[in-house]
Amino acid sequence: MSFLALPALLLFAAVPVLLFLALQRREPRQLEVGTLMLWRRVALAAQSAPRSRRRLELLFWTALTAAVLGALGASRPAVQAAAGDERVAVFMERLGAGGHEPELTEALERVRAVVPGAALELYTASTTRVAEMPDDVVMLAPGTIETELAQFETRTAHADARVLLLCQPHPAAERMGRVLPRDVARRAGVLFQVTTHGETVQARATRGAPPLVIGLKLEGTTDAGPDLIYRYSPSAVQAAIEDLHSNRVTLAHRPFVVGVGAAWGSSQHRALYAALRADPAVGEAPELWLGADDQSRAIRLNAGTSANLGGTEISYDSGHALFADLPLAAFDWSAGGRLLDKESGRRPLVSALRGGERIGDFVQLDETAQVLVFAGDPFSDAPILDAALLLDNAIGLIIGERPSRRARLTVSGELPSQRAAHAAPFEPRGEVRLGRHAASAHEYASWLLVAAACAAIIAASVSMRRKARPGRSAPAV
């Protein structure tokens, strides 16, 4: 218990004054009686044994209570609570990837050295729970360093201070608090990017020892400034790349199976099929069929009927994906004299017009975009390079991915970011402003002042009632 306004205790000086005045008042020593004899006896008794008892009335007690409570309330009595620990929000930029985070303990120890005794709240951007991290770590959405810092700043408005562990300095972090290096030494040979181009694998890593590979053959190395790019070709169905820092990805062959129907039988058809480099249909269902009339995902040929195409004009849906980068002049859609029925219910892509009126179509796409129907066979009639481009677009239209851009290998696993791969020590920046929390005080002045006001009201009420009541006169002698 303490008093926050000590001068107010001077009001207690009114208490002894009230007591002194109350004790100085005496009972009257003379009594008026109705007869001379009684008067003499009472007077003699009063003189021989004077009364010393003091009678303190209700007015006195209420006034005294009001003075005491008012003095205590004005002095603001309070109970001091112990000061709590500061809460420091710590943002840690990931140095590893997946469920692995190197040198986490050392990094947190450096934070505790900056803010000793503070309670730490750890924040990091990751989609994977890291075993080494505390259970109460707050996971932010991964993104660019700017978006991660913005999330951290918004989520930590309640914190007393902020400390940020970054792989590299960033201007936006310095205004938030103290910025410390995530790592105290530059690492070499960190693998941070693996991409596939057809059946070629490219791995990008910082300078140092080359990655360890399984099921891959090194084809060459390219100097890319602070990094090195390694090119590999797969030598097995399953492959893996791993650096010396336990960053690892696995690669698996992605099959591409294409079925061949009866209508796909010309020599140019076989050359186009070979150019697709499709996998043999061994235990795998084809993703689409070429020249098949009874399959749900297929390219159908020679599906039109003979028609008189004299005096017709050709209309294209030029913005459609089937004609992307396609030299349309290389195709004679009317070759073979076949035309698809315009009432088939399919979407027309290449149509025949006569007198401005559509009389039929050369190419149609069904409503599910799973079957592409040709009235003739443009893959045999057009030059092989143009036919290959048309086939590439047609397959991409059906399966959603053009074979020329299709990744033949799938990459699994997480790698550190480029910032993490190039993490380097730097001088700490920014400031951390911490001051111990002041001990919180719980005051009771309001309750005491209310009680003093109630006592003063009672005293005023008693005083007013006494003034209003007529006094008793002594009986006349």
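Placed above this text is the structure.
A brief structural summary. (Residues numbered from 1 in each chain as written. Predicted model: local features only at pLDDT ≥ 70, side-chain atom pairs only at ≥ 80, totals over all residues. Heavy atoms only, no water.)

Some points on the environment of Tyr273
Alright, step 1. One can find Tyr273 in helix α7 (residues 267-276).
Alright, step 2. In this structure, the C-alpha to C-alpha distance between Tyr273 and Val260, residues 13 residues apart in sequence, is 8.7 Å.
Alright, step 3. Excluding anything up to four places from it in sequence, Tyr273 contacts Val258, Val260, Trp264, Ala278 and Leu290. (Helix = DSSP H or I, 4+ residues; strand = E, 2+ residues; numbered from the N terminus. Contact = heavy atoms within 4.5 Å.)

Quick notes on the sheet that holds strand β8 (residues 191-197)
Alright, step 1. Strand order in the open sheet made by the 4 strands is β8-β9-β12-β11, with antiparallel pairing throughout. Looking at strand neighbours, the two that pair on one side only are β8 and β11 (216-224), the edges of this open sheet. The average undirected angle you get between the axes of adjacent strands in this sheet is 20°.
Alright, step 2. Where β8 lies against strand β9 (residues 200-206), 6 bridges are found, and the strand directions are antiparallel. Paired with Thr195 across the strands is Gln202, a residue of β9. (Pairing = 2+ DSSP bridges. Axes fitted to C-alpha atoms, helices over the stretch in contact; angles between N-to-C directions.)

Quick notes on the pairing of strand β23 (residues 371-374)
Alright, step 1. Residues Val371 and Val373 point to one face of β23 and Leu372 and Phe374 to the other, with burial holding for every one of them.
Alright, step 2. Sheet analysis places strand β17 (residues 298-300) next to β23, joined by 3 bridges and oriented parallel. Bridge assignment links Ala298 to a residue of β23, and that residue is Val371.
Alright, step 3. In this structure, strand β22 (residues 357-365) lies alongside β23, joined through 3 bridges in antiparallel fashion. From the neighbouring strand, Val363 faces β23, where its bridge partner is Phe374. (Buried < 20%, exposed > 50% of the residue type's maximum accessible area, 1.4 Å probe, protein only.)

As for the layout of surface pockets
Alright, step 1. Roughly 360 Å³ of volume is contained in the largest pocket.
Alright, step 2. In this structure, the largest pocket is lined by 23 residues; those nearest its centre are Arg94, Ala125, Pro142, Glu148 and Ser417.
Alright, step 3. Those elements that place two or more of their residues in the lining of the largest pocket are β3 (87-92), β4 (119-125), α5 (145-155) and α10 (418-421).
Alright, step 4. Broken down by element, the residue count for the lining of the largest pocket peaks at 3 residues, all from α5.
Alright, step 5. Looking at the lining of the largest pocket, its residues break down into 8 nonpolar, 9 polar and 6 charged. (1 Å grid on protein atoms, 1.4 Å probe; cavity = no way out; pocket = protein on both sides within 12 Å on 5 of 7 lines; lining within 4 Å. Points joined across faces, edges and corners; volume = space filled by probe spheres on them. Nonpolar A, V, L, I, M, F, W, Y, C, P; charged D, E, K, R; others polar.)

Quick word on the side chain of Ser126
Alright, step 1. Along the polypeptide, Ser126 turns up in the loop between β4 and β5 (138-140).
Alright, step 2. What makes Ser126 buried here is its relative accessible area of 8%.
Alright, step 3. Engagement of the side chain of Ser126 in a polar contact is seen with the side chain of Arg94, the distance being 2.9 Å.
Alright, step 4. Within the structure, Ser126 has its side chain in polar contact with the backbone oxygen of Thr128 (distance 2.9 Å).
Alright, step 5. With near-sequence residues (within four places) excluded, Ser126 lies in contact with Arg94, Met139, Leu140 and Pro142. (Polar contact = N/O pair within 3.5 Å; in protein donor to acceptor, adjacent residues only side chain to side chain.)

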